[in-house]
Amino acid sequence: MKIIVCIKQVPATTQVKINPETNTLVREGVESIINPYDAYAIEEGVRLRERCGGTVTVLTMGPPQAETALREAISLGADEAVLLSDRAFAGSDTWATSYTLAQGIKKIGDFDLIVCGKQAIDGDTAQVGPGIAEFLDIPFVAYIRKIEEIDDSLLRVERLMDEGYEVIESKLPALITVVKEINEPRLPSLRGKLNAKKAEITSWNLKDLGVTEDSVGLPASPTKVVKIFTPPPRGSGETLTGSTPEIVDKLVAQLKQDRVV
Amino acid sequence: MDYFLTEEQQMIRDLARQIAQEKIVPVRAELDEKEEFPWEIMKVLAESDMCGLYIPEVYGGMGGGCFELCLATEEISRACGGVAVCYAASGLGTYPILLFGNEAQKQKYLPDIASGKKLAAFGLTESEAGSDAGGIQTTAVADGDHYVLNGTKQWITNGGEADTYTVVAMTDKVKGSRGASTFIVEKGWEGFSFGKKEKKMGIRCSSTTELIFRNCRVPKENLLAREGMGFIVAMKTLDCTRPGIGAQAVGIAQGALDEALSYARRRVQFGKPISSFQAIQHMLADMATQIEAARALVYATARHVDSGARNVSKVSAMCKLFAADMCMKVTTDAVQILGGYGYMREYPVEKMMRDAKITQIYEGTNQIQRNVIALQLIKESASK
Ligand SMILES: Cc1cc2nc3c(=O)[nH]c(=O)nc-3n(C[C@H](O)[C@H](O)[C@H](O)COP(=O)(O)OP(=O)(O)OC[C@H]3O[C@@H](n4cnc5c(N)ncnc54)[C@H](O)[C@@H]3O)c2cc1C
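Source: prediction; values computed, not measured.

About the criteria used
Residues numbered from 1 in each chain as written. Chains lettered and ligands numbered in written order. Predicted model: local features only at pLDDT ≥ 70, side-chain atom pairs only at ≥ 80, totals over all residues. Heavy atoms only, no water. Helix = DSSP H or I, 4+ residues; strand = E, 2+ residues; numbered from the N terminus. Buried < 20%, exposed > 50% of the residue type's maximum accessible area, 1.4 Å probe, protein only. Contact = heavy atoms within 4.5 Å. Lys, Arg positive; Asp, Glu negative; His and termini not counted. Charge placed at Lys NZ, Arg CZ, Asp CG, Glu CD. Salt bridge = Lys/Arg side-chain N within 4 Å of Asp/Glu carboxyl O. Polar contact = N/O pair within 3.5 Å; in protein donor to acceptor, adjacent residues only side chain to side chain. Expected span 1.5 Å × (residues − 1). Bend = angle between axes of the 7 residues up to and from the residue.

The next point concerns the overall build of chain A. The secondary structure content of chain A amounts to seven helices and 13 strands. Counting only C-alpha atoms and orienting by the principal axes, one finds that chain A spans roughly 70 × 45 × 35 Å. Each of the 261 residues in chain A was classed as buried or not, and the buried ones make up 43%. Excluding contacts between residues fewer than 6 apart, the proportion of contacts in chain A whose partners are at least 24 apart in sequence is 70%. Separation between the mean location of the 30 positive side-chain charges and that of the 38 negative ones in chain A comes to 3 Å.

Take the interface of chain B and chain A next. Facing 17 residues of chain B, the contacting portion of chain A comprises ten residues. At the surface where chain B touches chain A, the tally comes to three salt bridges. Put simply, E7(B) and K197(A) hold a salt bridge, and the shortest N to O gap is 3.6 Å. Inspection of the chain B/chain A interface yields seven residue pairs in polar contact (both at pLDDT 80 or more). When residues of the side of chain B that touches chain A are traced back to their parent elements, those giving at least two are α1 (7-24) and α3 (39-47) of chain B. Of all the elements, α1(B) adds the most residues to the side of chain B that touches chain A, at nine residues.

It is worth spelling out helix α7 (residues 230-266) of chain B at this point. All names here are of chain B. With 37 residues, α7 extends 54 Å between its outermost C-alpha atoms, agreeing within 8% with the 54 Å of an ideal straight helix rising 1.5 Å per residue. At C240, α7 shows its largest bend, some 35 degrees, and a proline, P243, comes one to four positions later. The buried fraction of α7 is high, at 28 of 37 residues.

All right, on to the pattern of salt bridges then. Residue and element names in this part refer to chain B. Inspection of the entire model under this criterion finds 39 salt bridges over all chains. Between E75 and R78 there is a salt bridge, and its shortest N-O distance comes to 3.8 Å. Linking E75 with R78, this pair stays in helix α4 (residues 66-79), spanning three residues, or about one helical turn. For R78, a relative accessible area of 25% translates into the label partly exposed.

Set out below in structure tokens:
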């Protein structure tokens with residue numbers, strides 16, 4: 001089974017700072033880690049390989065430093081790593097990112113399953129995984145908490161819902177995004193770390209992917225960020241007291257005042 | 001301080017530290033309280049390739065030596081001295097095979113230990129033979145293709161949990177200390193059982209039990225080295241593993257200093273953090289200095305052992321002695337710095353002080369280490 005895991009390097013904090021002028025994330029001076037949800041994707045990929053054989057290739061788009069994240073993925077059990085890096089990719093929104101990753105996957109060639117984390121903790125959009133599937137024109141299932149069964153052509157998974165879960169079957173190749181309930185990522189092994197140090201990381205730029213400059217990066221990103229802000233914390237609820245008719249009166253009055261009704 | 005670790009040694013230290021922080025610190029108090037063997041953590045150590053650091057690559061290990069084992073032991077001990085002894089005692093049980101095993105014995109026993117699938121243990125001590133190991137009463141009598149073992153070993157670390165046991169027994173009592181031999185015995189063999197699990201002051205998650213032999217038949221191919229070499233096997237083994245106890249002591253002490261330092265900066269009395277009082281500062285300074293000195297001695301000794309030096313008994317005893325005494329002092333001072341809080345189970349230094357004590361006792365008490373050092377000094381002087 002040929003498995004591709006897409007990962008992203010993100011700032012090592014959930015307290016992401018935003019530059020108020022450019023509306024972009026402040027990355028300077030913040031240690032980088034593998035996006036936590038992607039760690040579950042790597043672990044699931046490695047477990048699948050341990051179960052069914054095959055290879056796990058990790059793929060990321062990012063600056064040259066993103067190589068660190070790829071090496072870490074190898075120390076956690078991935079076999080190969082591909083970095084898509086080019087100045088032209090800078091400023092990509094989720095559309096351009098999905099497109100570029102999809103081109104990278106096409107260049108890798110053969111695959112049975114693509115695994116992504118459900119979302120990245122910096123942007124939190126959860127769009128890139130599904131976007132890749134659309135560009136590749138393959139089925140995808142998001143928010144997977146368990147792979148029940150997988151063979152050469154068929155996949156049966158449990159998709160986490162707000163209440164309960166759905167069981168979904170899909171043919172392969174397919175893309176899934178995973179939630180943290182799916183597994184507990186292992187720690188690196190010493191042999192993995194030694195492999196990671198020696199591993200050759202494949203790096204592809206714009207030319208290697210054979211795409212035009214205006215189809216990637218900022219020019220190809222339709223998203224316009226108007227404003228980024230932290231939503232105000234939800235206030236605590238209010239409990240109405242009194243007899244039932246009194247409570248109903250108070251409630252209706254309040255709803256009218258708040259222009260809900 | 002920079003000890004000029006190779007890149008691989010740094011990886012070992014960093015990975016052991018990560019395991020200690022993420023997997024051991026959160027459960028150490030509970031393991032201690034429940035006296036529960038840390039199998040989960042042993043599994044993590046195995047999956048991280050930490051169990052075969054000192055075992056050659058041909059037998060599935062990582063090809064390092066005593067020094068690599070010390071680096072990992074130190075980091076694990078920094079979080080929990082109890083988990084560390086479960087880990088390190090497997091090395092103690094393995095070194096006899098590593099040093100004296102023939103090819104067949106090594107191929108049979110080392111790979112499973114290197115992968116962490118099995119743990120090992122070392123059985124020398126008996127109720128009437130502690131410091132005076134020459135007094136052991138367990139016998140091994142040749143009978144056809146077998147030796148028949150009878151007797152009881154006491155206080156054996158990893159007893160009941162390990163699969164592979166290296167055991168010293170008398171094959172010829174008349175010859176005294178030249179009449180002992182070492183055997184590899186497997187858990188599950190008929191006539192081999194375990195006594196009660198001891199309740200201890202410290203390192204409480206580790207298992208300490210009797211090994212009971214009642215007409216236990218051990219195949220002759222499981223004799224290590226030759227008949228009569230038993231004590232040589234034991235002594236050469238301890239030469240290689242005492243730096244590991246030193247590393248355990250350095251780690252426990254470092255963990256105690258970490259706690260004392262962060263507490264001293266937080267705790268306010270008389271309107272100031274207690275870290276601003278010179279009495280506390282001096283204690284911290286002495287603790288840090290003693291730890292660094294012990295670490296330097298342990299590392300230097302471990303490297304000396306790995307260099308293949310012939311006679312390492314003296315330095316090996318020195319580093320165990322110095323580090324263990326240091327550890328007892330530093331952990332006691334850590335409790336002192338935390339005051340009444342330090343005496344409470346809620347804070348980790350109470351356990352660290354309990355765990356520290358064993359380092360002065362096992363693998364030869366510190367009195368015995370001094371005997372070893374002094375004897376060697378006198379011998380060296382006399383031969384000049
Ligand atoms: C938790 C634990 C785990 C252990 N694990 C193992 C194990 O895995 N395998 C194993 O084989 N053994 C193990 N032991 C045994 C340990 O090595 C012995 O306890 C130790 O060697 C001391 O022996 P003893 O307890 O009989 O003390 P004793 O020998 O009775 O000593 C009592 C006191 O007398 C002192 N003393 C004795 N002789 C002299 C002397 N000649 N000069 C000066 N002072 C002397 C000692 O230093 C000590 O202070 C373990 C012990 C403990 C407590």
